[in-house]
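If you want the building blocks of each chain, they are given just below.
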Amino acid sequence: MVDFDLRSANARLRAGHPLIQCITNTVVQQFSANVLLAVGASPAMLDHEADAGQFAGIANGVLINFGTASNHQLLAADAAIDVAAAAGKPWVLDPVSVGAVDFRTSRIRRAAADRPTAIRGNASEIAALAGVGLGGRGVDSTDEVDAVLPAAVQLARTTGAIVAVSGPRDAVVAHIDGTDHVAHIDGGHEFMPLVIGTGCSLGAVTVAYLAGAGKGTAGPDSDVSVPAAAASADPGATASARFEAVVAAHAHFAVAGELAAAGAQGPGSYSVSFLDALHAVTGDQLAQARVSHRTLTADEGVQA
Amino acid sequence: MVDFDLRSANARLRAGHPLIQCITNTVVQQFSANVLLAVGASPAMLDHEADAGQFAGIANGVLINFGTASNHQLLAADAAIDVAAAAGKPWVLDPVSVGAVDFRTSRIRRAAADRPTAIRGNASEIAALAGVGLGGRGVDSTDEVDAVLPAAVQLARTTGAIVAVSGPRDAVVAHIDGTDHVAHIDGGHEFMPLVIGTGCSLGAVTVAYLAGAGKGTAGPDSDVSVPAAAASADPGATASARFEAVVAAHAHFAVAGELAAAGAQGPGSYSVSFLDALHAVTGDQLAQARVSHRTLTADEGVQA
Amino acid sequence: MVDFDLRSANARLRAGHPLIQCITNTVVQQFSANVLLAVGASPAMLDHEADAGQFAGIANGVLINFGTASNHQLLAADAAIDVAAAAGKPWVLDPVSVGAVDFRTSRIRRAAADRPTAIRGNASEIAALAGVGLGGRGVDSTDEVDAVLPAAVQLARTTGAIVAVSGPRDAVVAHIDGTDHVAHIDGGHEFMPLVIGTGCSLGAVTVAYLAGAGKGTAGPDSDVSVPAAAASADPGATASARFEAVVAAHAHFAVAGELAAAGAQGPGSYSVSFLDALHAVTGDQLAQARVSHRTLTADEGVQA
């Protein structure tokens, strides 16, 4: 059984201050950068094809999200993925709107075949990427999280990625040593889907947590003196450590998403409170996040 | 005489949850997406030339705004316009900064010639697009709304579009069965022009209201089970229905713009309150919006 | 000795309502536009290579920031710089992430060689641009402001630019008639670096203040009737006037940054309050900003 130490995962993130390269859509760049800053990471949105690979060598992890990708971002992503993969750095694929239109779907499938460390999407997107379901319409999810668990398991097995499905109740699936695991994370708020970028920025925070996966438990300030470049995920970070990191990112969002409701009078003020809450969340609060996990039976992991 | 039923227009929008494709400038993408979510629509900013046409076949309407258009957006817009027009879906042109510089002006004139369902701009832009006035400088309007009524009428006649002029007092002009109509909408707040994207996002909301134009009055939940693709505007939506939809979008903004003033201490907090207010506006409030309309005499519709 | 009249500098900005062309990164376009609106300027983010030069002929000043520059922005910047320089209009270079990766560094060095009116960056970036230090990692500064004073002085001497270094305490360096000057500006808040775009938008505001440099002191409404195009900086604006303008921009941010702390509960609400404060800052408050200045000895201006 996997045990999650979310408090330590958060301590490693805050101590490591990882530099996260986001090749992501222009709609959510500002929000994603603010989210990364709020949780203690450092964002960089460099996406020029001539620079992106070299920058991936400096960054501690890479997010790939083709929401508004034009050709330079597609080329930049290829370069950054190659460098990150070769260096054993984590990179996360957000398959936004996969299945909706052909060119985009083709590019996302190519990226998925490059063995991302994690894949994070909504139910429609995970289903479409696994080859089932009707695909998304933009960033709007029409399927339910649990209905796509078999698709998520299949994707985890075939790509080697930790697969996260976002929704009112998040699910994170991992295939570890021949066994399928799922963690469920409850939290958030009904206003969350009305704030553009809450899903996309969760992908960025997932990279940030993965950048600390496989490190020893951070004592106070223990990692502060570590150079940025050394804070990358250990290539040998175990699948369990990566699973924990992805769950920690989702728990951070779920807890902050609940805290943000206090005082929010609509989606505008909720968005502001959410950034405040992401910054304020403590290790104690994370340790009390509503997270459950279990192994899946063979039946659950097979699509009907 | 045209009668507006703004309550029903809003009910159709909220029930139909239309998917709006925005090929729009990167400055306002985030705000426009949040605005669309707040009013009950679903945004998608796909703007790759290889995808945009296909996506327009899925979306319920398209916004075209060349504020920061680079070549891929210009090509994407051509493709999306062709598909939307062929399918009888509404598309709205925001002629931002037309007249300021030559290349942009040329591209906007080409789009205007493609018979948009509606055109929404500030006074300077409407004047410039009609071939009068000095054009805008960025998104800043230097002319007055009523001074450009003749230009708006001319534009409505020649393009077939409903023409909306944004300002302290909005004007919406329609040429219906040989008669020129104008509606005036009062509301908003002095902080509104200090929030970037309030004009551009109004264009997006105009598409969202147009997506429901020509449908029957929605009873409770009546359209909830309608597939997204079927929620497009009826190609045969009457000019009156389109006129009503554009007025409804402006009334929604005007009412929310007034409500947002409560508690706003400057343009930053106003922006937040405005999103909250857009979400909170009720059909009752819309029905009481300060909207007036009348037909124009031949003299009013002719430029001096 | 240089004397700063920050009250008059602000009065000129508010009266002149300058139109600022920003060729800047997509992460901060929305925030930068809102910041410009809050201080009384008018933003325009046109960045198409076919338009940018022509628009620079209309604008009152230009900001160049290659944070996410793709090829069209790089070409647009070259065109806008050429026009602005030929017309004696101010333009500011933000060398974001210079030194981090080669292609970007090369492009920024080319721009720096085109004699910008001012250069604004964090300590790492100023050091890297001057050819010392390790360069930045994204927009995150790892060096201290005072440690790079010699680099800033060298840069001011070789480029002719006013050089501003942003940090917890800002420094602005000018080389005037053979003497090196430095001004220090205290203010801001610990949340400021957690809001993406506070640095980048300061570059935009620096252009806005420079657009009024060298004008006579504005009395009440004295410049209101001046056409926008005539509000450009006098080509003959003295180096002292440009120095004052850059200091005024930094003082405006420093004062607003302190005011914004009231009521801010985290980086999200701080960002909102900051926009409100930028708008609310008065000439009186600016006149009381914590600004000091002195001439540098020969020793201070030489790198160890």
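Keep in mind that what you see is a predicted model, and the values were worked out from it rather than measured.

Cut-off values and rules
- Residues numbered from 1 in each chain as written.
- Chains lettered and ligands numbered in written order.
- Predicted model: local features only at pLDDT ≥ 70, side-chain atom pairs only at ≥ 80, totals over all residues.
- Heavy atoms only, no water.
- Helix = DSSP H or I, 4+ residues; strand = E, 2+ residues; numbered from the N terminus.
- Buried < 20%, exposed > 50% of the residue type's maximum accessible area, 1.4 Å probe, protein only.
- Contact = heavy atoms within 4.5 Å.
- Disulfide = S-S within 2.5 Å.
- Buried area = accessible area lost by both parts, 1.4 Å probe.
- Salt bridge = Lys/Arg side-chain N within 4 Å of Asp/Glu carboxyl O.
- Polar contact = N/O pair within 3.5 Å; in protein donor to acceptor, adjacent residues only side chain to side chain.
- Pairing = 2+ DSSP bridges.
- Axes fitted to C-alpha atoms, helices over the stretch in contact; angles between N-to-C directions.
- Least-squares fit on C-alpha atoms with pLDDT ≥ 70 in both.

A. Structural view of the side chain of C:Asp51. Considering the arrangement of structural elements, one finds C:Asp51 in the loop between β2 (42–44) and α3 (52–56). For C:Asp51, a relative accessible area of 2% corresponds to the buried category. If sequence neighbours within four positions are ignored, C:Asp51 has contacts with B:Val101, B:Asp102, B:Phe103, B:Arg104 and C:Leu46.

B. Structural view of the state of the cysteines. Here the structure, examined in full by the defined rule, presents zero disulfides over all chains. You can see C:Cys22 has no disulfide; the closest cysteine sulfur is in C:Cys200, sitting 10 Å from it.

C. Structural view of the interface of chain A and chain C. Between chain A and chain C, the residue contacts involve 29 residues of the former and 30 residues of the latter. For the pairing of chain A and chain C, the buried interface totals around 2300 Å² over both sides, and the portion due to carbon and sulfur atoms is 58%. Of all residues in chain A, A:Gln30, A:His48 and A:Asp276 bury the most surface against chain C, accounting for 23% of the area lost on that side. Where chain A meets chain C, there are one salt bridge. As a salt-bridge pair, C:Arg104 and A:Asp51 come within 3.9 Å of each other at their nearest N and O atoms. Counting every contact that joins chain A to chain C gives 10 residue pairs in polar contact (both at pLDDT 80 or more). At the level of secondary structure, the elements contributing two or more residues to the side of chain A that touches chain C comprise α2 (29–39), β2 (42–44), α3 (52–56) and α10 (267–280) of chain A. With six residues, α2(A) is the largest single contributor of residues to the side of chain A that touches chain C.

D. Representation of the sheet that holds strand β9 (residues 290–295) of chain A. Residue and element names in this part refer to chain A. Strand order across the open sheet formed by nine strands is β2-β1-β3-β4-β5-β6-β7-β8-β9, with mixed pairing between neighbours. Pairing within the sheet leaves two strands with one partner each, and these edge strands are β2 and β9. Averaged over all adjacent pairs, the angle separating strand axes in this sheet is 20 degrees, with direction ignored. In terms of strand pairing, strand β3 (residues 61–65) meets strand β4 (residues 91–94) through four bridges, oriented parallel. Bridge pairing in β4 places Asn65 opposite Asp94.

E. Quick look at the sheet that holds strand β8 (residues 179–186) of chain B. Residue and element names in this part refer to chain B. One open sheet holds the nine strands; their spatial order is β2-β1-β3-β4-β5-β6-β7-β8-β9, and the pairing between them is mixed. Where the open sheet ends on each side, the last strands, each with one partner, are β2 (42–44) and β9 (290–295). Geometrically, the sheet is characterised by an average inter-axis angle of 20 degrees between neighbouring strands, direction not taken into account. Alignment of strand β6 (residues 162–166) against strand β7 (residues 169–176), held across three bridges, turns out to be antiparallel. Its bridge partner lying in β7, Ala164 is registered against Val172.

F. Looking closely at the relation of the copies chain A and chain C. For the match of chain A to chain C, the screw axis carries a shift of 0.0 Å, the RMSD comes to 0.0 Å, and the turn is 120 degrees. Accordingly, the operation relating the two chain copies is best matched by a three-fold axis. Using C-alpha coordinates, one finds that chain A approaches the rotation axis most closely at A:Thr26, a distance of 3.7 Å. Different-surface contact between copies: only 10% of interface residues of chain A are shared with the interface of chain C.

Honestly, that's just the spatial picture; any functional story needs more than this.
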